[in-house]
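Coordinate analysis (summary)
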Amino acid sequence: MKIIQTLTLRGPNYWSIRRNKLIVMRLDLEDLAEKPSNEIPGFYEGLVEVMPSLIEHFCAPGHRGGFLKRVKEGTYMGHIIEHIALELQELTGMPVGFGRTRETSTPGVYNVVYEYVDEQAGRYAGRAAVRLCQSIVDRGTYAQEDLAQDLTDLRDLKANSALGPSTETIVTEAEARKIPWMTLSARAMVQLGYGVHQKRIQATLSNLSGILGVELACDKEGTKTMLQDSGIPVPKGTTIQFFEDLENAIEDVGGFPIVIKPLDGNHGRGITIDINSWDHAEEAYDFASKESKTRSVIIERYYKGSDHRLLVVNGKLVAVSQRIPAHVIGDNKHTIEELIEITNQDPNRGEGHDNVLTKITVDKTSLSVLERQGYSLNSILAKGEIAYLRATANLSTGGIAIDRTDDIHPENVWIAERVAKVIGLDIAGIDVVTPDITRPLREMDGVIVEVNAAPGFRMHVAPSQGLSRNVAAPVLDMLFPPGTPSRIPILAVTGTNGKTTTTRLTAHIYRQTGKVVGYTTTDGIYLGEYLVEKGDNTGPFSANVILKDPTVEVAVLETARGGILRSGLAFDTCDVGIVLNVAADHLGLGDINTIEQMAKVKSVIAEVVHPDGYAILNADDPLVSAMAERVKAKVAYFSMSPDNPIIENHLRRGGLAAVYENGYLSILEGHQTLRIEEAANIPMTMGGMAPFMIANALAACLATFAQGVDIEMIRQGVRTFKASVNQTPGRMNLFNLGDYHALVDYAHNPAGYEAVGGFVRNWKGERLGVVGGPGDRRDEDLILLGKIAAQVFNRIIVKEDDDRRGRDRGEVADLIIKGIVQENSQIEYEAILDETEAIEVGLNRVNRGGLVVIFPESVTRAISLIQKRNPISDDNL
Ligand code: ATP
Ligand code: ATP
Ligand code: MG
Ligand code: MG
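Residues numbered from 1 in each chain as written. Chains lettered and ligands numbered in written order. Predicted model: local features only at pLDDT ≥ 70, side-chain atom pairs only at ≥ 80, totals over all residues. Heavy atoms only, no water.

So, on to the coordination of the magnesium ion (ligand 4). Here the magnesium ion (ligand 4) is held by Thr500 (OG1), Thr522 (OG1) and Glu558 (OE), and the distances to it run 2.0 to 2.2 Å. Coordination of the magnesium ion (ligand 4) draws on donor residues from a single chain, spaced T-x21-T-x35-E in sequence. One end of the pair, Thr500, is in helix H17 (residues 499-511); the other, Glu558, is in strand E26 (residues 554-558), and 58 residues separate them in sequence. For the residue pair Thr500 and Glu558, the accessibility class agrees, reading buried in each case. (Donors = N, O, S within 2.8 Å, 3.2 Å for Na, K, Ca; no water. Helix = DSSP H or I, 4+ residues; strand = E, 2+ residues; numbered from the N terminus. Buried < 20%, exposed > 50% of the residue type's maximum accessible area, 1.4 Å probe, protein only.)

This part takes up the environment of Phe759. For Phe759, the position within the fold is in helix H25 (residues 750-760). Its relative accessible area of 0% is what places Phe759 among the buried residues. For the pair formed by Phe759 and Ile136, sequence separation is 623 residues and the distance between their alpha carbons is 63 Å. With sequence-adjacent residues up to four places away left out, Phe759 is seen in contact with Met686, Met689, Ala690, Pro691, Met732, Leu734, Leu743 and Leu851. (Contact = heavy atoms within 4.5 Å.)

A few words on the packing of aromatic side chains. Considering all chains together, one arrives at seven aromatic pairs under this definition. With a centroid separation of 4.2 Å and 15 degrees between ring planes, the pair formed by Tyr753 and Phe855 is classed as stacked. Of this pair, Tyr753 sits in helix H25 while Phe855 sits in the loop between strand E38 (851-854) and helix H29 (859-867), placing them 102 residues apart in sequence. An aromatic cluster of three or more residues is present, and its members are Phe243, Trp278 and Tyr285. The aromatic ring of Phe480 is capped on one face by Lys199, whose charged end is 4.9 Å from the ring centroid. Above the face of the Tyr664 ring, Arg675 is positioned so that its terminal group lies 4.1 Å from the ring centre. (Phe/Tyr/Trp six-rings, centres within 6.5 Å; stacked < 30°, edge-to-face > 60°. Lys NZ or Arg CZ within 6 Å of the ring centre and 35° of its normal.)

For the rest of this paragraph, the subject is the packing of helix H3 (residues 77-91) against helix H4 (residues 119-139). Running from amino to carboxyl end, H3 crosses H4 at an angle of 125 degrees, the nearest separation of the two axes being 8 Å. In terms of axis orientation, H3 runs oblique to H4. Along this stretch, H3 crosses H4, giving a crossing that reads as right-handed. Residues Met77, Ile80, Ile81, Ile84, Ala85, Leu88 and Gln89 of H3 pack against Gly122, Ala125, Gly126, Ala128, Ala129, Val130, Leu132, Cys133 and Val137 of H4. (Axes fitted to C-alpha atoms, helices over the stretch in contact; angles between N-to-C directions. Parallel < 35°, antiparallel > 145°, perpendicular 65-115°, else oblique. Left-handed = near helix turned anticlockwise from the far one by under 90°.)

As a matter of local geometry, ligand 2 sits amid 19 residues, with Lys499, Thr500, Thr501, Arg731 and Asp745 nearest to it. Measuring from an oxygen atom of ligand 2, one finds a side-chain N or O atom of Thr501 at 2.4 Å. Relative to its free-state accessible area of 630 Å², ligand 2 is covered by the protein chains to the extent of 88%. Those elements that provide at least two residues to the shell around ligand 2 are H17, helix H23 (691-706) and H25. In terms of residue count, H25 provides more of the shell around ligand 2 than any other element does, four residues in total. Looking at the shell around ligand 2 residue by residue, the classes come out as five nonpolar, 10 polar and four charged. In terms of domain composition, the shell around ligand 2 takes at least three residues from each of domain 4 (490-720) and domain 5 (733-875). (Near = heavy atom within 4 Å. Polar contact = N/O pair within 3.5 Å; in protein donor to acceptor, adjacent residues only side chain to side chain. Areas by Shrake-Rupley, 256 points an atom, 1.4 Å probe, with all protein chains shown as cover. Nonpolar A, V, L, I, M, F, W, Y, C, P; charged D, E, K, R; others polar. Domains from an automatic or database assignment.)

This next bit is on the site of ligand 1. Neighbouring ligand 1 are 22 residues; Lys261, His267, Asp307, Asn394 and Glu450 lie closest to it. Separating a nitrogen atom of ligand 1 from a side-chain N or O atom of Glu300 is a distance of 2.8 Å. Side-chain polar atom of Asp307 to an oxygen atom of ligand 1: 2.6 Å apart, as the coordinates give it. Here ligand 1, which alone exposes 610 Å², has 95% of that area covered by the protein. Listing elements by their share of the shell around ligand 1, those giving two or more residues are strand E10 (258-262), strand E12 (297-301), strand E20 (427-434) and strand E21 (447-453). In terms of residue count, the dominant contributor to the shell around ligand 1 is E21 (three residues).

Okay, a nonpolar patch on the surface next. A cluster of nonpolar side chains, namely Phe243, Phe256 and Trp278, defines an oily patch on the protein surface of about 240 Å² accessible area. By secondary structure assignment, the location of Phe256 is in the loop between helix H9 (246-252) and E10. (Patch = residues over 30% accessible without salt bridge, like charges linked within 9 Å, V, L, I, M, F, W, Y side chains within 5 Å. Salt bridge = Lys/Arg side-chain N within 4 Å of Asp/Glu carboxyl O.)

Annotation of the chain at the domain level lists domain 1 (2-161), domain 2 (164-235 + 308-323 + 398-482), domain 3 (236-301), domain 4 (490-720) and domain 5 (733-875). The distance between the C-alpha centroids of domain 1 and domain 3 comes to 58 Å.

If you want it as structure tokens, here you go:
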């Protein structure tokens, strides 16, 4: 077996609209192509032995053991690999379920599609599944240690690339609220929402966190002073920079017991608490001083009690957690060292911040903490006796957290909320030391020891004891108060032909409303009237440039087949999805071989429209109108004829449509007709002579109308939209050369030829075609181009592209000529393979009043050849 290609899909896609995170592995089964699992001796037994948990996979039979039954009875390797890739992820804590395996048109080659949680882990799972199966085929088994290694690697991949635990809680809550989010490439920032409505977070800092508040919280001394000035209880203390001042400082705070800590520390580094002797103080001073960049050390009175974290979000206390330092509890049997090992076996304890709890580590600090309690690692504690391994209660050094949100005294709530305001933090973690949080601090001699910006959420969401608190909810309530939007309207445009034109027109109409419109096309990415980036920008990356932009109020996105197949859509849902047409082009690429499969690719755009939005479908294209069945949204149709039965039916049921009637582009709703404008007054339709342009305009008008754009604005939009050579090179560029006209169009597939033909047929004089076609299309497509040319033109010059895309010189021309002759053996034609020469000959020979239609490989070259002849204007009729 050989993996040919692995794609990572991140949005709605060809395989599933709902399952956005999919790996598509193109797999060549090679010698196993002809061998179902029942014909491989020992395969079933080997698989069951290596991965007994596969018993849980239901598969087609729909019951426990269903999948293994299929393996026993015989199924193909691609299907088995799909299930193993899923199971490997399940076994490493990544819940997945969706999988599909489908043949391609290449014998023995399959697309194995399966869900992932983490991209890297997902791709790894596919490779490991292939390895595992190959080994069972070859040797009847897969070594236990290899499987164990795979599982470890998978867990590591997941841990390394996952968001931090606090960020994770916020995006999970965002997902539950259908607020879109994406990671930004810098500083681990996450964007919530789109365009102008976006908000940002970085761990638990938000874009509302003020720089002054954050900096003040990081300055312990400043924080204490501010709180003290507000009458809030803080530890009595003083800061010193020289050892000589230590003695006085201790006296100042009222003598032992004291705490010594670095002025600019965090995570409990450099802190010694409950110091009762001069010797210990000396040692603690050195320890703290070393940890401080400025060699500044805080000397504080030691306050009895336990550590509490009070979380205030947007002015309200939302959670309280009591934290207990890393400790073990005696059982009269095991040594402290053994007890630590037993405690660390808790699966909830991991390394660093990955897990709910962190493993207890034995180091110098823990040994000295033990020593001060009169223990060593070998001591055996009496039953119930507690030995602490840390003086401070950080979770990251093995501490535990107990939820006390429901127990805190109201006066303490009031203090906490005031503290957050005084410091100026939208999200504040307030550290309180008090023997009893259920009683007022003042009564208990409790103090606020610190205020943290960007406090961790882990202890509140997954406390070791007590209730879990959804502390992400108030954060999202703050960022997106009820009733405020997080999304901007997204209008997506797809189809075989006319996407760019329709996208541009839709954006142009929308801009009449004064909104900032961001749009992407095959020509580039645009914001309002400005070009952001030139080039083919119809994939998810370009769409994200628009959705990330903080100025964008409306997004109009040309969405091409390539991006949908390669990585899925950039957005989970949209407001309007336009499907213009589905024609035979690009077939045979990306395992899309039939026009029906192509229709399924394009229908992704219609299917992702949310239920309140509109799918805008072409009623004249049966493959497009049929998409209505799969759409969750409302449907609106456009058609070149008001008599189209689908339109009639739709209107009878009160539906919305746009049609071309009596020379007008009109919106129809039930019995109502709203005339937008006469085609003759819409420049892009070339005085109404280019029918396909009318169709594109109908789609754009309907889309903007469905979005509530005023009809007057739509009218103004279509009147002022000019498809000039500069704006849309290669799209119906008509030049007046005095005695004759020339038209340059980039049509390169039969549907495009037909479309342009719709205009050419309306031409009164001679019609001369300079035609060709891309070499990578199928023979029958090129023959068809010839046939269409013979229907449309009076005279034809056949040329070839410079880039022959794998064919011999003359091959494409021969096929086109074959089509011409089949259609009309009387027609005058000649082959001039060089494109420049062919164009020159065409322009020189056309009769007075005639039209030369050029389908060039290079639009710029063709246009410059024409421009040399000084056209009178390049405006449309
Ligand atoms: P972290 O990053 O975990 O917040 P830190 O390095 O910022 O730690 P502090 O928050 O000042 O340091 O102190 C850590 C812990 O030490 C406190 O949460 C508290 O348990 C204890 N502590 C600090 N000062 C005192 C004090 N004056 N009296 C009693 N305990 C104290
Ligand atoms: P691409 O796939 O190259 O991005 P596109 O779908 O964006 O193409 P446009 O750039 O708008 O399409 O138009 C390209 C050509 O396709 C036009 O010049 C015309 O020949 C043809 N065309 C445009 N609209 C239609 C239509 N509605 N039906 C058929 N052909 C069309
Ligand atoms: Mg602290
Ligand atoms: Mg395009």
